[in-house]
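# Overview (structure and organization)
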Amino acid sequence: MKPYVSDSSAVLQFVQSSASGLASDEARMRLARDGANRLKEGKKKSLLRRFFEELLDPMTLILLAAALVSGVLAVYADESFAEVIIILSVVLINAVLGVVQESKAEKAIAALQEISAATSKVLRDGQQITLRSEELVVGDVVILEAGDAVPADGRILESASMKIEESALTGESVPTSKRADALGGESEIPLGDRKNMVYMGSTVVYGRGSAVITGAGMNTEMGKIATALTEAKDDQTPLQRKLNQLSKILSFLVLGICAIIFAVDLLRAYPHVTGAGMLDTFMVAVSLAVAAIPEGLAAVVTIVLSIGVTKMSKRNAVIRRLTAVETLGCTQIICSDKTGTLTQNKMTVVEHSADDEKRLALAMRLCSDAKLDENNQAVGEPTECALVNDAFAMDLEAQAREFTRIGEAPFDSGRKMMSVVCKRGDTITQFTKGAPDEVLKRCTHCLRDGKIVALTPELRQEILAANKNMADRALRVLCGALRAWDAAPASYEPEYLEQNLCYLGLSAMIDPIRPEVKDAIEQCRLAGIRPIMITGDHRDTAVAIATQLGVLQGTLQAITGAQLDAISDEDLHRDIANYAVYARVQPEHKVRIVNAWRANGYITAMTGDGVNDAPSIKNADIGIGMGITGTDVTKNVADMVLSDDNFATIVSAVEEGRRIYDNIRKAIQFLLSSNLAEVLAVFTATLLGFTLLSPVHLLWINLITDCFPALALGMEKSERDTMRRRPRDARAGIFANGMGVDIALQGFVIAALTVFSYFLGHFMESGVWEIANSASGMTMAFLTLSLVEICHGFNMRSRRGSLFGAATQNPWLWGAAAVSLLFTISVIYVPFLAKAFGFASISLAEFGAAAGLALCILPLIELAKLVQRRMEK
């Protein structure tokens, strides 16, 4: 049954109740049968389970494999377990960082519980009592007054000028006037247009009424949202997918290298293969496996993201999910709620049509129930707050306080107006405000050039034209009028008061756009990001705001929730690009819209502040909540919260997201080129029959020497074209845009320099160019590889731009280079460290030769970048 299309008696019969409520025994039976009027909590994962889920991440599994290999090497060579401890520490830090991320779904349900009313006034056994809202059942009749939170969904039985604030649920910025009569019809009516219904999570702001409960707990509209939140799954971010892809590639690479080396060494030794020989061959293969695994990558990515999160929080963007940072960088669609996100969620008078504006504003102020608080901010029904604030802005408050209200005819939806009678000294004046067409019907005179004149048909048409002009621009228009009395009226009935009125003028108001939003949307367009407006407001209002902001332009269309219901998912997926504005939508519509964009392969963000935004925010690739006006539900499911509720902050966050992703790719390229160089160099040495570097040397370079420059690359500032290029393709692989070629080229160059340094070191010690195991050669190779990596970090400040064309310096990179250099020198020249690593003493000349070889990486990569830039042009 649809309670809003049936009359109240039929609804009462359907829920087996009456206007005097349920009997206590019947209510207890229903409570035992149906359960409490509260939202169910989602299943909670234990901390231990969350921890082990973090350990199952592919990058973490590779680190654990590296730790196992290092442990085997330590046992075989009778060495320390320092490397094992370092790698396991990295794993532990990563896992802990993952576990401490908040459980968004659980907190969202808890916040929904908080929104629900704590106690309610209900009729039981024909008597009004107060009980806990969770004890309500279907069939209960609740009494609602201004200030009450609606405890469950219900059909209105009685309404005395009752208005309910439903913006958190429907997205509509103006409270809805409620009535008790049936809406009629069999078609589906949008949530915001169900004038005879009340919903859990909304608030009565004016008048009073009663309603019979038709839905409680999870069977409410709020319950549908809670269900959608628990059912929505957290998909992997593009970065997570790419790192998982990289992990798989590295895993196959490691296994392939081990198999190839093992097979090559066995073939070379055949037929003289011994057990000891096989073990030596296995350890060589293991060395190459260690060389291929970027042990510091997971830590570098986590720390770079964490630093980015800290930086973004200083720019009013609070990130709740670490990997969501880079998702911003590839966002292509931003679906934004209108109320409170693009607009200020504060009705404001923006225009008057009156002979005397101040006289009109004073009349509107006196004919309002909103009041100024101690901070001179109006409190009450939003429309009346706008009128009170308007009068205050004109310095009319002191004058208004001279009037005393002596009677009134309250607003009701049938008359669409209200009147008050005020006394100032010996003068009694009636002020009336309401819908222009209705008030004008009761006007016989108007104020013109400071004088009261007869309201001629010509003047009436002029006023109606002014009203139409404002309404066509989606302004909410109210008409003000007055009537002078010689003495207090004999009756305050509307029929007696509201006649022979004198028209004063029109006040037009709107929920204004945030002043910074228009520029922010233009910047989004320049960055290749398309904004979409989704709202519960009426179509005309939505179109006016969207046109003003530049969201609706060209051949793009606006569509309502009712029209959306008539479109199949297949048709919506096909035509989704044609729509820029969605009006009168419900929560499930927002989820459909987000999912349609995602089904077409677009990375989609959803912003909003109301409860009705929560499911779509959770389903989006990146959900953006509002920190000030946003509900707890929305903030708890969002990936990012704007602490200043400023849409423009999203633009800054997008730039930061792109910068972070660019820097992560630079760090990945830097680390993998080093790993590839190690693999090539060790593989070459193995084929030639000498030991270039031992596993402990490779682990030191991977975890110590390389990590500091890689972290410093994460601190690079944005490049010049960061916000002038289109979003990257989220489906593109980790090696897209030539990165795989770059890694191969740079890895080959670094490997060549390292192998040559080995032979040079051996020659400088022995004076002979030959293939042989050499402690000096090994030391020179280690030193050169370490110094090359330090220098190569500067190359990676830009993947294509020249090192010498950078507009700014990166002090973090200079500091990282100094720290890495200090560690490298220490491990060679501090006696006990040199002994532990098996290094020979090298002269100043040998150090200079190694440094000279390392510096060669700068001009070689600069030349490669120059060729690449010209080829790309």
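Residues numbered from 1 in each chain as written. Predicted model: local features only at pLDDT ≥ 70, side-chain atom pairs only at ≥ 80, totals over all residues. Heavy atoms only, no water.

When helices and strands are tallied, the protein shows 35 helices and 25 strands. Going through the 873 residues of the protein one by one, you find that 55% of them count as buried. Contacts in the protein between residues far apart in sequence, at least 24 positions, make up 72% of those at least 6 positions apart. (Helix = DSSP H or I, 4+ residues; strand = E, 2+ residues; numbered from the N terminus. Buried < 20%, exposed > 50% of the residue type's maximum accessible area, 1.4 Å probe, protein only. Contact = heavy atoms within 4.5 Å.)

Moving on, we come to a negative patch on the surface. On the surface, Asp 355, Asp 356, Glu 357 and Asp 449 cluster together to form a negatively charged patch. The topology assignment puts Asp 449 in the loop between β16 (443–448) and β17 (451–454). Among the residues examined, Asp 449 registers a relative accessible area of 66% and is labelled exposed. (Patch = residues over 30% accessible without salt bridge, like charges linked within 9 Å, V, L, I, M, F, W, Y side chains within 5 Å. Areas by Shrake-Rupley, 256 points an atom, 1.4 Å probe, with all protein chains shown as cover. Salt bridge = Lys/Arg side-chain N within 4 Å of Asp/Glu carboxyl O. Lys, Arg positive; Asp, Glu negative; His and termini not counted. Charge placed at Lys NZ, Arg CZ, Asp CG, Glu CD.)

Here we take up the side chain of Thr 604. Summarising the element assignment, Thr 604 is placed in strand β23 (residues 604–608). Of the residues examined, Thr 604 reaches a relative accessible area of 0% and is grouped as buried. In terms of polar contacts, Thr 604 uses its side chain to reach the backbone carbonyl oxygen of Tyr 602, at 3.2 Å. When sequence neighbours within four positions are dropped, the list of residues in contact with Thr 604 reads Ile 333, Cys 335, Val 594, Trp 597, Arg 598, Ala 620, Asp 621 and Ile 622. (Polar contact = N/O pair within 3.5 Å; in protein donor to acceptor, adjacent residues only side chain to side chain.)

Burial runs high along strand β19 (residues 501–510): 10 of the 10 residues are buried. Pairing of strand β10 (residues 348–354) with β19, which is carried by six bridges, proceeds in the antiparallel orientation. Across the sheet, the residue bridging to Thr 348 is Ile 510, located in β19. With three bridges connecting them, β16 and β19 associate as parallel partners. Across the sheet, residue His 445 finds its bridge partner in β19, namely Cys 502. Bridging between strand β18 (residues 476–485) and β19 involves seven bridges; their strand directions are antiparallel. When the sheet's bridge partners are listed, Cys 479 is paired in β19 with Leu 506. (Pairing = 2+ DSSP bridges.)

Another point: the environment of Ile 628. Structurally, Ile 628 is set in the loop between β24 (622–626) and α26 (632–637). On the basis of relative accessible area, Ile 628 is assigned to the exposed category, the value being 60%. Setting aside anything within four residues of it in sequence, one finds Ile 628 in contact with Leu 642, Ser 643, Asp 644 and Asp 645.

One can find Glu 498 in the loop between α19 (494–497) and β19. For Glu 498, a relative accessible area of 5% puts it in the buried group. Of the polar contacts made by the side chain of Glu 498, one reaches the side chain of Arg 415; its length is 2.7 Å. One polar contact links Glu 498 to Ser 419, side chain to side chain, over a distance of 2.7 Å. If near-sequence neighbours (up to four positions away) are discounted, Glu 498 is found in contact with Ala 409, Arg 415, Met 417, Met 418, Ser 419, Gln 430, Thr 432 and Arg 442.

Take the pattern of salt bridges next. Two side chains carrying opposite charge are able to pair once their charged atoms lie near each other. Applying the stated criterion to the full structure yields 41 salt bridges. The salt bridge involving Asp 621 is made with Arg 598; its shortest N-O contact spans 3.2 Å. Remark: Arg 598 occurs in helix α24 (residues 587–599) and Asp 621 occurs in the loop between α25 (614–619) and β24; sequence separation between them is 23 residues. Owing to a relative accessible area of 10%, Asp 621 belongs among the buried residues under this scheme. Arg 799 is paired through a salt bridge with Asp 742; the nearest N and O atoms lie 2.8 Å apart. Placement of Arg 799 in the loop between α31 (775–795) and α32 (811–829) and of Asp 742 in helix α30 (residues 739–766) is noted, with a sequence separation of 57 residues between them. With relative accessibility at 16%, the residue Arg 799 sits in the buried group. Of the residues examined, Asp 742 reaches a relative accessible area of 2% and is grouped as buried.

With that out of the way, let us pick up the sheet that holds β23. Reading across from one edge, β8-β25-β24-β23-β9-β20-β22-β21 is the order of the eight strands in this open sheet, with mixed pairing throughout. Sheet topology places β8 (317–319) and β21 (557–560) at the edges, where each strand pairs with a single neighbour. Taken over all neighbouring pairs, the strand axes of this sheet differ in orientation by 20° on average, direction set aside. Where α24 meets the sheet, it contacts β9 (333–337), β20 (530–534), β22 (579–583) and β23, and its direction lies at approximately 155° from that of β23. (Axes fitted to C-alpha atoms, helices over the stretch in contact; angles between N-to-C directions.)

Moving on, we come to the packing of aromatic side chains. Summed over all chains, the structure comprises 16 aromatic pairs. With a centroid separation of 5.3 Å and 80° between ring planes, the pair formed by Trp 700 and Phe 837 is classed as edge-to-face. Pair noted here: Trp 700 is in helix α28 (residues 695–705) and Phe 837 is in helix α33 (residues 831–837), with a separation of 137 residues, a long-range link. Between Phe 708 and Phe 823 the ring centres are 5.9 Å apart and the planes differ by 10°, which places this aromatic pair in the stacked class. Taken together, the residues span a long stretch of sequence, with Phe 708 in helix α29 (residues 707–713) and Phe 823 in helix α32 at a distance of 115 residues. Given a relative accessible area of 30%, Phe 708 falls into the partly exposed group. Every member of this aromatic cluster is reached through a ring pair, and the members are Trp 700, Phe 708, Phe 782, Phe 823, Phe 837 and Phe 839. Looking at Lys 163, its charged tip hangs above the ring of Tyr 206, at a distance of 5.7 Å from the centre. (Phe/Tyr/Trp six-rings, centres within 6.5 Å; stacked < 30°, edge-to-face > 60°. Lys NZ or Arg CZ within 6 Å of the ring centre and 35° of its normal.)

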